[in-house]
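Chain by chain, the residues:
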Amino acid sequence: MIVNLIRIGIVLMIIGAVTLLIASSFLPKVYNVMTSTLGNMTISIDVYSRYLIPIYINSPAYIVILLNDSYPLSVYVFDQFGHVLTPLSYKQVHNAYLITFQLLNHGNYSLVLFNDNPRPLNVSVLITAISQYMAGNALLISTIMDLGGVIIFLIGAILVVINALFIARYRLFRTR
């Protein structure tokens, strides 16, 4: 009986580890499928000049702007009424900058890059849209798979530890 519970615990630990592995290996592919590239271009910006990129979004979304080979440029997104949207995040990753905006409505938007650096720039700009519906579902699936994998793994580990302690206790009392 005790040996069977140890086997069950080991099997649960393996299932939990596999669930965590599947979640971490397949979800990046899911994120790649749910993104759509709105623009990928290399632009030249003179010193103290602006560059305007029109964007059309057909559903509420997050847009992620990637600037490669650039200084941290001032980046603004305007909606069709001229309101300036604030970025959710602005991160530097090595030689690139990731700026994320949340767009609440569909329609026309304008991305404005402003070069206030002391030299002209050739900047590679990639604009990607992620649907809010898809992002919410992918995050929910990721959380459930991670949580389920951890819980299954912990239950298996607890079964193995409890059974190992019972075996040790049985051997201790048997030797006395």
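Note that the structure is a prediction, hence the values are computed from the model and not measured.

Rules used throughout
Residues numbered from 1 in each chain as written. Predicted model: local features only at pLDDT ≥ 70, side-chain atom pairs only at ≥ 80, totals over all residues. Heavy atoms only, no water. Helix = DSSP H or I, 4+ residues; strand = E, 2+ residues; numbered from the N terminus. Rg over C-alpha atoms; globule rule 2.2 N^0.38 Å. Contact = heavy atoms within 4.5 Å. Buried < 20%, exposed > 50% of the residue type's maximum accessible area, 1.4 Å probe, protein only. Pairing = 2+ DSSP bridges. Phe/Tyr/Trp six-rings, centres within 6.5 Å; stacked < 30°, edge-to-face > 60°. Patch = residues over 30% accessible without salt bridge, like charges linked within 9 Å, V, L, I, M, F, W, Y side chains within 5 Å. Areas by Shrake-Rupley, 256 points an atom, 1.4 Å probe, with all protein chains shown as cover. Salt bridge = Lys/Arg side-chain N within 4 Å of Asp/Glu carboxyl O. pLDDT = per-residue confidence, 0-100. Core = buried A, V, L, I, M, F, W, Y, C linked by side-chain atoms within 4.5 Å.

**Things to note about the overall build of the protein chain**
- Tallying secondary structure elements over the protein chain gives two helices and nine strands in all.
- Reading the secondary structure of the protein chain in the N-to-C direction produces α-β-β-β-β-β-β-β-β-β-α.
- Taken over the C-alpha trace, the protein chain has a radius of gyration of 26 Å; the compact-globule value for 176 residues is 16 Å, which it surpasses by more than 25%.
- Each principal axis of the C-alpha atoms in the protein chain carries an extent, and together these give about 85 × 35 × 25 Å.
- A sequence separation of at least 24 residues applies to 84% of the contacts in the protein chain between residues at least 6 apart.

**What about the environment of Asn95?**
- Note on placement: Asn95 falls in the loop between strand 6 (89-93) and strand 7 (96-103).
- Along the primary structure Asn95 and Pro72 are separated by 23 residues, whereas in three dimensions their C-alpha atoms are 9.8 Å apart.

**Topic: the pairing of strand 3 (residues 61-68)**
- With respect to burial, strand 3 is a largely interior element, six of its eight residues being buried.
- In this sheet, strand 7 lies alongside strand 3 in antiparallel orientation, the contact comprising eight bridges. From the neighbouring strand, Leu67 faces strand 7, where its bridge partner is Tyr97.
- Of the strand pairs in this sheet, strand 3 and strand 9 (residues 121-131) are connected by eight bridges, and their pairing is antiparallel. Bridge assignment links Val64 to a residue of strand 9, and that residue is Thr128.

**Side note on the packing of aromatic side chains**
- Taken as a whole, this structure holds one aromatic pair when the rule is applied.
- With centroids separated by 6.1 Å and ring planes inclined at 50 degrees, the aromatic side chains of Tyr90 and Tyr97 adopt a geometry described as tilted.
- A relative accessible area of 9% places Tyr97 in the buried class.

**Topic: a nonpolar patch on the surface**
- A grouping of Val150, Phe153, Leu154, Ile158, Ile162 and Phe166 is seen on the molecular surface, where their side chains present a nonpolar patch of about 510 Å² in accessible area.
- Along the chain, the position of Val150 falls in helix 2 (residues 132-175).
- Exposure remark for Val150: the relative accessible area of 36% places this residue in the partly exposed category.

**Let's talk about the confidence of the model for the protein chain**
- For the protein chain, mean pLDDT is 81; residues scoring 70 or higher make up 90% of the total.
- Mean pLDDT per element in the protein chain: strand 1 (residues 35-45) is the minimum at 75, and strand 5 (residues 84-85) is the maximum at 88.

**Quick notes on the sheet that holds strand 4 (residues 74-78)**
- The strand order 2-8-4-5 describes an open sheet built from four strands, whose pairing is antiparallel. The open sheet terminates on both sides in strands that have one partner only, identified here as strand 2 (49-57) and strand 5.
- Here strand 4 runs beside strand 5; their pairing, made up of two bridges, is antiparallel. Bridge pairing in strand 5 places Phe78 opposite Val84.

**Topic: the nonpolar core**
- One finds Ile63, Ile65, Leu67, Val75, Leu111, Leu113 and Val125 to be the most contacted residues of the largest nonpolar core, which totals 24 residues.
- Of all the elements in the fold, those that place two or more residues in this core are strand 1, strand 2, strand 3, strand 4, strand 7, strand 8 (107-115) and strand 9.
- Looking at which element gives the most residues to this core, the answer is strand 9, with five residues.
- Residue contacts for Leu111: discarding those within four places in its chain leaves Tyr51, Leu52, Ile53, Ile55, Ile65, Val75, Tyr76, Val77 and Ile127.

**Observations regarding the pairing of strand 7**
- Burial of strand 7 is extensive: six of the eight residues sit out of reach of the surface.
- Of the strand pairs in this sheet, strand 6 and strand 7 are connected by five bridges, and their pairing is antiparallel. Within strand 7, the position partnered with Ser89 by the bridge is Thr100.
- Counting the residues that bridge the hairpin from strand 6 to strand 7 gives two residues, and of these His94 lies at a positive phi of roughly 55 degrees.

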